[in-house]
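# A closer look at the structure
What follows is each chain in one-letter form.
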Amino acid sequence: MTFKLVTDSCCDLPYEFLQENDVSFISMTITIDNKELIDDLGETFDYSDFLTKIKNGAMPTTSQVNAGRYQEFFRTFVEKKEPVLYLAFSSGLSGSYQSAVQAVEMLKEEYEEVAIYVVDTKAASLGEGLLVHKAIALRNAGHSLEEVLLWMEENKMNVQSWVTVDDLKHLERGGRISKTTAAIGGLMNIKPIITVDSDGKLQNVGKVRGRGKALKKVIDETVQNIKDPIDQTLFIAYAGDKESAEKVREGLAKEIQTKEILLYPLGPTITSHTGYGCIAVFSLGKKR
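This section reports on the structure supplied with the text.

This next bit is on the overall build of the protein. Scanning the protein from terminus to terminus reveals 11 helices and 13 strands. Counting the 288 residues in the protein, one finds 56% classified as buried. Considering only residue pairs separated by 6 or more positions, the protein has 75% of its internal contacts joining residues 24 or more positions apart. Of the roughly 13,200 Å² that the protein leaves accessible, carbon and sulfur atoms contribute 48%. In the protein, 34 positive and 41 negative side-chain charges are present, and the distance between their average locations comes to 8 Å.

Okay, here's the thing in structure tokens:
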């Protein structure tokens, strides 16, 4: 039986790619300069203007998707009796996953048959996108919803996420580091190394001095933790600084042989919390 793959705009895959592969998504909302914007993965969102505002000091905020919006989003598929596999943004970073689960339960009170399966990816940005990319490949190869769901649950904790940020103000605002740490770090050119842990939360796991060392550390951690790279697609997300992302891709290509390494802009929802200059690498590796 065919099924519908759905995700959300935190997967950071391009709108065109999801359209081409028949994947629907639900959008997060962002507020910047008192204006509410829809993160639609680049369909209409002016990412260049958004980055300019962030570089000029704007501090955007984001809103999780509530159960009511999920209910209406899922209802279309329920009424068509189309089974759904939803790969959701990490529950460790947003309440959206819980809202989705709540929406499914609400729909079950309305309809006799509700075949919606919600997976907490415990991942963000192209870590979540990596799983969506894999789900597309499995579906296109003829695997059933049950088989894709099983693969996701067995492998999602193998998603490795290695991240560095260039601007500590956004981490300070999000409570990831203290005001003092942000101030000292800024003066001393300290760059944090961040990963996503087994709870799907961001964890500071190291710090280095200087952008170049931070990028090298992200490469080294990816290489040390990856498994069976030759058949893998790796993903690099970047917030504005494509040049650094290209350097990371070159560094990875020198160290490991992979199927491909794809570069995509870090989506505005995630960029709201990391600031301009964030670089993140995603792969399948050891269990988190």
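With that settled, consider the state of the cysteines. The tally for this structure, following the rule as stated, stands at zero disulfides. You can see Cys11 has no disulfide; the closest cysteine sulfur is in Cys10, sitting 8.2 Å from it. By relative accessible area, which is 0% here, Cys11 ends up buried. Cys278 takes part in no disulfide bond, and the closest cysteine sulfur, belonging to Cys10, lies 13 Å away.

Turning next to the layout of surface pockets. By volume, the second largest pocket is sized at about 380 Å³. Lining the second largest pocket are 17 residues, with Lys134, Trp151, Asp231, Gln232 and Leu284 sitting closest to its centre. Elements with a contribution of two residues or more to the lining of the second largest pocket: α5 (126-140), α6 (145-155) and β11 (233-238).

This part covers the packing of helix α3 (residues 67-79) against helix α4 (residues 96-110). Between α3 and α4, the shortest axis-to-axis distance is 8 Å and the interhelical angle comes to 55°. Classified by the angle their axes make, α3 and α4 are oblique. The chirality of how α3 crosses α4 is right-handed. When α3 is examined against α4, the residues Ala67, Tyr70, Gln71, Phe74, Arg75 and Val78 are found in contact with a partner set consisting of Ser96, Ser99, Ala100, Gln102, Ala103, Val104, Met106, Leu107 and Glu110. Partitioning the contact of α3 with α4 into residue classes produces nine nonpolar, four polar and two charged.

Phi is positive for Asp22, which is not a glycine, with a value near 55°. Its location among the elements puts Asp22 in the loop between α1 (15-20) and β2 (23-26). Overall, the relative accessible area of 43% leaves Asp22 in the partly exposed class. A positive phi is found at Lys122, a non-glycine position, where the angle reads about 55°.

Glancing now at the nonpolar core. Ranked by size, the top nonpolar core spans 70 residues in total, and within it Leu13, Leu18, Phe74, Tyr86 and Ile116 carry the most contacts. A per-element tally of this core places α5 first, with seven residues. Contact partners of Tyr86, with chain neighbours within four places excluded, come to Val6, Thr7, Asp8, Ile26, Tyr70, Phe74, Ala100, Tyr117, Val118 and Val119. By size, the runner-up hydrophobic cluster in this structure holds 19 residues, among which are Val208, Leu252, Ile256 and Leu263.

Remark: helix α9 (residues 211-225) packs on helix α10 (residues 242-255), axes separated minimally by 10 Å, with the N-to-C direction vectors making an angle of 40°. One finds that α9 runs oblique with respect to α10. In this structure, the crossing between α9 and α10 has a hand that is right-handed. For the pair α9 and α10, contact is made by Arg211, Leu215, Ile219, Thr222 and Val223 and by Ser244, Lys247, Val248, Gly251, Leu252 and Glu255, respectively. Class assignment of the residues belonging to the contact of α9 with α10 gives a composition of five nonpolar, three polar and three charged.

Reading guide: rules and limits
Residues numbered from 1 in each chain as written. Predicted model: local features only at pLDDT ≥ 70, side-chain atom pairs only at ≥ 80, totals over all residues. Heavy atoms only, no water. Helix = DSSP H or I, 4+ residues; strand = E, 2+ residues; numbered from the N terminus. Buried < 20%, exposed > 50% of the residue type's maximum accessible area, 1.4 Å probe, protein only. Contact = heavy atoms within 4.5 Å. Areas by Shrake-Rupley, 256 points an atom, 1.4 Å probe, with all protein chains shown as cover. Lys, Arg positive; Asp, Glu negative; His and termini not counted. Charge placed at Lys NZ, Arg CZ, Asp CG, Glu CD. Disulfide = S-S within 2.5 Å. 1 Å grid on protein atoms, 1.4 Å probe; cavity = no way out; pocket = protein on both sides within 12 Å on 5 of 7 lines; lining within 4 Å. Points joined across faces, edges and corners; volume = space filled by probe spheres on them. Axes fitted to C-alpha atoms, helices over the stretch in contact; angles between N-to-C directions. Parallel < 35°, antiparallel > 145°, perpendicular 65-115°, else oblique. Left-handed = near helix turned anticlockwise from the far one by under 90°. Nonpolar A, V, L, I, M, F, W, Y, C, P; charged D, E, K, R; others polar. Core = buried A, V, L, I, M, F, W, Y, C linked by side-chain atoms within 4.5 Å.

Interpretation in functional terms is not warranted from these geometric data alone.
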